[in-house]
Structure formats: C-alpha cells, structure tokens
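Below, each chain spelled out in residue letters.
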Amino acid sequence: MQNEKLLEKELHRQAEYEFSIGLRLTHWIRAVSIVILVGTGYYLSYVFQSPSSPSDPTNFMQAKYRMVHQAVGFVLIGCILFKIYLFFFDRVSKKERISVFDIFNIKLWIKQIKFYLFLGKHPHLKGAYNPLQFVVYVFFYLVIISIILTGLILYTHTYHNGLGGVLYDILRPLEAALGGLAEVRTYHRILMWVVLLFVPVHIYMAVFNTIKGKDGSLDAIISGYKFVKEDKN
C-alpha cells in the first residue's frame, strides 16, 4: 500500500507551459530551412543532378538551386533574428533567460552529467535548459550566425545592386580578414558540417531526455507543454 502511494506521488506531474508559439514556429522553420539549405548548398558545391536539355538554353539548373538557397537563407536570417528577439523580450521565454544562471552552478553540472551517465536522477532546473544544453545551444547559434555572415559575403558577389551592393562594403573587411572569397566558401562549407554533426546529436539527446526524464520534453516543442513533478524538493 505504501509503495503504491509512493508510485502515485512519483508519477503525479503538472503541465507547465515551456515554449511559446513563436519559439516553436522558429524551431520548425529553422529545421526545415536547414534541410533545404544543406541540400541546395551541397548541389552548388558538388553537382549531383543533370538538367534536361531543351532546344533553347534556358534551363539554368545551377541558377535555380542558387535562387532557392539564397531565398531560404533569408528566411533563416529572419527566423534567427526573431528568435533572438524572443529570447530577450518574450514573456514566456523568461525560462530560457533564467537558464543563464544555471551555467554557474557547478553542482548542477555534476548532477546533469551523472544523469547522462545513468548515475543519478535529473536535477531540478530553474530555467528551460540544463547548463550543458544551454552552452551547446549558444555554440550552435554562433555557428549559424557565422554561416549567415559567410553566406551574405557570397551573396554580395552574386548580386551587386540593392541589398548586395549595400552589404558589399560592410562585409568586405570581414571577407579580407577570412582570407578572401575562396576561403569564405571553405569556412561556409565547414560550418555546414558542424551543423550536420549537431542535428543527429540534438535529436538523440531530445529523445534521450524524453524517455529517461519522462517529462514530455520532446512533446514541448510541438505542444508547448512540459510535464514536471509537483514535488520539486
């Protein structure tokens, strides 16, 4: 009887609104954008599709892939800017901001690592992310921002008027600092591989935390709700 009461207490959880609709939308738009950008970007580097050969030379496959790549790239830029805005100003995203303070809690780092090594329970977090998770996300956004900057440099050498013309003079010092246009392309590709390494690890850890933590953390990025224990002591 006592064991049943303990089990009931253990399983009793409370729904908590974790992620706003804006944050969830930016997550999925970013995910779809990355898939399209990787596919089109890989084609631009290594052509793997042969276009049909009509009588008129109007089927410019390379130009079409570049157009899609650049258009979706600007979607990603807008998505990242909106996500940054949400992080600093969104009321629901307050839990994300609180995660910053957990980074400086050494005991929390130890407990979190023990959880991943199956040596302990998941520690109670003040914010939305554990310290290791938050540091990795910050690194991921720095990589994405670097991809955007190198991508914009490449964009300015395709479109010399309008936005491309404005950005050319602004980004020219960065292009020179990186070693020239050829080196910028190389950095752009290397950063893409960093993202490709991050994505499967991110998916694995999301599933891992959901199964082991039993708090619906994977569902939260869809519904917005996470299920936490009422007794947090």
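Here, the structure is the one placed above.
Residues numbered from 1 in each chain as written. Predicted model: local features only at pLDDT ≥ 70, side-chain atom pairs only at ≥ 80, totals over all residues. Heavy atoms only, no water.

(A) Broad picture of the packing of aromatic side chains. Inspection of the entire model under this criterion finds 18 aromatic pairs. Here Tyr43 and Tyr65 contribute two aromatic rings whose centre-to-centre distance is 3.8 Å and whose plane-to-plane angle is 15 degrees, an arrangement assigned as stacked. Residue Tyr43 is located in helix H2 (residues 21–45), and its partner Tyr65 is located in helix H3 (residues 61–89); the two are separated by 22 residues in the primary sequence. Each member of the pair, Tyr43 together with Tyr65, is buried. Considering the side-chain rings of Phe74 and Tyr155, the 5.1 Å spacing of their centres and the 85 degrees angle between planes classify their relative orientation as edge-to-face. Here Tyr155 lies in helix H6 (residues 131–156) and Phe74 lies in helix H3, a separation of 81 residues in the sequence. Overall, the relative accessible area of 32% leaves Phe74 in the partly exposed class. Taking relative accessible area as the criterion, Tyr155 reaches 14% and is therefore assigned buried. (Phe/Tyr/Trp six-rings, centres within 6.5 Å; stacked < 30°, edge-to-face > 60°. Helix = DSSP H or I, 4+ residues; strand = E, 2+ residues; numbered from the N terminus. Buried < 20%, exposed > 50% of the residue type's maximum accessible area, 1.4 Å probe, protein only.)

(B) Spatial organisation of the side chain of Glu96. Within the secondary structure layout, Glu96 lies in helix H4 (residues 94–102). Among the polar contacts made by the side chain of Glu96, one reaches the side chain of Tyr129 at a distance of 2.4 Å. Setting aside residues no more than four positions away along its own chain, Glu96 makes contact with Leu23, Lys83, Phe87, Ala128, Tyr129 and Phe134. (Polar contact = N/O pair within 3.5 Å; in protein donor to acceptor, adjacent residues only side chain to side chain. Contact = heavy atoms within 4.5 Å.)

(C) Structural view of the environment of Tyr141. Considering the arrangement of structural elements, one finds Tyr141 in helix H6. The spacing of Tyr141 and Ile84 is 57 residues in sequence and 9.6 Å in space, taken between C-alpha atoms. With residues near it in sequence (within four places) discarded, Tyr141 still touches Arg30, Ile80 and Lys83.

(D) Fine view of a nonpolar patch on the surface. A cluster of nonpolar residues, Leu81, Phe82, Ile84, Tyr85, Phe88, Phe89, Ile145, Leu149 and Leu174, forms a patch on the protein surface that exposes about 860 Å² of accessible area. Those elements giving two or more residues to the nonpolar patch turn out to be H3 and H6. Ranked by the residues each element gives to the nonpolar patch, the list is headed by H3, at six residues. Tracing the sequence through the fold places Phe88 in helix H3. (Patch = residues over 30% accessible without salt bridge, like charges linked within 9 Å, V, L, I, M, F, W, Y side chains within 5 Å. Areas by Shrake-Rupley, 256 points an atom, 1.4 Å probe, with all protein chains shown as cover. Salt bridge = Lys/Arg side-chain N within 4 Å of Asp/Glu carboxyl O.)

(E) Representation of unusual backbone geometry within the structure. Of note in this structure, Phe118 is not a glycine but carries a positive phi near 60 degrees. Mapped onto the elements of the fold, Phe118 is located in the loop between helix H5 (106–116) and H6. Residue classification places Phe118 among the exposed residues on the basis of a relative accessible area of 57%.

(F) How the structure looks around the packing of H2 against H3. For the pair H2 and H3, the least separation of the axes is 8 Å and the interaxial angle reads 155 degrees. In terms of their interaxial angle, H2 and H3 are classed as roughly antiparallel. Crossing hand, H2 versus H3: left-handed. A breakdown of the residues in the contact of H2 with H3 according to their chemical character gives 16 nonpolar, eight polar and three charged. (Axes fitted to C-alpha atoms, helices over the stretch in contact; angles between N-to-C directions. Parallel < 35°, antiparallel > 145°, perpendicular 65-115°, else oblique. Left-handed = near helix turned anticlockwise from the far one by under 90°. Nonpolar A, V, L, I, M, F, W, Y, C, P; charged D, E, K, R; others polar.)

By themselves, these are just geometric observations and shouldn't be taken as functional.
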